[in-house]
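A look at the structure
For reference, the chains in residue letters:
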Amino acid sequence: VGMFGLAPVLGRVVDAVGRRPAMTLGLVVVATGALGLALGPTLSTVLPSIFLVGAGWNIAYLAGTALVADATTPHERASALGALDLGGLVGAAITTVLAPAVLDVAGLGPLVVAAAVVALVPAGILFNAGRLAPASP
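Rules of the game
- Residues numbered from 1 in each chain as written.
- Predicted model: local features only at pLDDT ≥ 70, side-chain atom pairs only at ≥ 80, totals over all residues.
- Heavy atoms only, no water.
- 1 Å grid on protein atoms, 1.4 Å probe; cavity = no way out; pocket = protein on both sides within 12 Å on 5 of 7 lines; lining within 4 Å.
- Points joined across faces, edges and corners; volume = space filled by probe spheres on them.
- Helix = DSSP H or I, 4+ residues; strand = E, 2+ residues; numbered from the N terminus.
- Axes fitted to C-alpha atoms, helices over the stretch in contact; angles between N-to-C directions.
- Parallel < 35°, antiparallel > 145°, perpendicular 65-115°, else oblique.
- Left-handed = near helix turned anticlockwise from the far one by under 90°.
- Contact = heavy atoms within 4.5 Å.
- Nonpolar A, V, L, I, M, F, W, Y, C, P; charged D, E, K, R; others polar.
- Buried < 20%, exposed > 50% of the residue type's maximum accessible area, 1.4 Å probe, protein only.
- Polar contact = N/O pair within 3.5 Å; in protein donor to acceptor, adjacent residues only side chain to side chain.
- Salt bridge = Lys/Arg side-chain N within 4 Å of Asp/Glu carboxyl O.

1. Quick look at the layout of surface pockets
Roughly 1600 Å³ of volume is contained in the largest pocket. Forming the walls of the largest pocket are 37 residues, and the residues nearest its centre are Val30, Trp57, Ala92, Thr95 and Val118. Contributing elements (two or more residues each) for the lining of the largest pocket: helix 2 (19–36), helix 3 (43–71), helix 4 (74–106) and helix 5 (108–132). Element by element, the count of residues in the lining of the largest pocket is highest for helix 4, at eleven residues.

Given below as structure tokens:
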């Protein structure tokens, strides 16, 4: 539900708040959900945490897709969006292979902190880029 079910609603949110702020928000929501997993393995902590990860991913994905679509011409849009999807899938594949090894060696705490950092670093960059950008006329 978090990843796909709310896409029509979250797409309107992305349009309302803007692409970069929405992407920043989505990444912060992903990090919050990831850190929530450290609260314990009970359904009452895992379910909302995974929902937040999915919803945050959805917001960031919609905003990123919209940014790429906005920045490309119709002729190059399909290739650019395909490359974006390929990059995301390669990243997911790599982390799917690495995460169990990290979990086995270091445990859940370092894994969720690493996931949060991976989300918060680009969120910080986007946030600061928005603050430093010149005001539009």
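2. What to know about the packing of helix 2 against helix 5
Between helix 2 and helix 5, the shortest axis-to-axis distance is 8 Å and the interhelical angle comes to 165 degrees. Here helix 5 runs roughly antiparallel to helix 2, going by the angle between their axes. Seen along the crossing, helix 2 lies across helix 5 with a hand that is left-handed. Of helix 5, the residues touching helix 2 (which contributes Arg20, Met23, Thr24, Leu27, Val28, Val30, Ala31, Ala34 and Leu35) are Val112, Val113, Ala115, Ala116, Ala119, Leu120, Pro122, Ala123, Leu126 and Phe127. Split by residue class, the contact of helix 2 with helix 5 holds 17 nonpolar, one polar and one charged.

3. Points about the side chain of Thr72
Along the polypeptide, Thr72 turns up in the loop between helix 3 and helix 4. Overall, Thr72 belongs to the buried group, its relative accessible area being 14%. At 2.9 Å, the side chain of Thr72 forms a polar contact with the backbone oxygen of Val68. Among the polar contacts made by the side chain of Thr72, one reaches the main-chain carbonyl oxygen of Ala69 at a distance of 3.4 Å. In contact with Thr72, not counting residues within four places along its chain, are Arg77 and Ala80.

4. A few points about the pattern of salt bridges
In total, this model carries two salt bridges according to the counting rule given. We note a salt bridge from Arg19 to Asp15, for which the minimum N-O separation is 2.7 Å. With its nearest N and O atoms 2.8 Å apart, the salt bridge here joins Asp70 to Arg19. Residue Asp70 is located in helix 3, and its partner Arg19 is located in helix 2; the two are separated by 51 residues in the primary sequence.

5. With respect to the packing of helix 1 (residues 7–17) against helix 3
As a packed pair, helix 1 and helix 3 sit with axes 9 Å apart at the nearest point and diverge in direction by 55 degrees. As summarised for this structure, helix 1 and helix 3 are arranged oblique, according to the angle between their axes. Between helix 1 and helix 3 lies a crossing of right-handed hand. Contact residues: Ala7, Leu10, Gly11 and Val14 in helix 1; Ala55, Asn58, Ile59, Leu62 and Ala63 in helix 3. Taken together, the residues of the contact of helix 1 with helix 3 sort by class into seven nonpolar, two polar and no charged.

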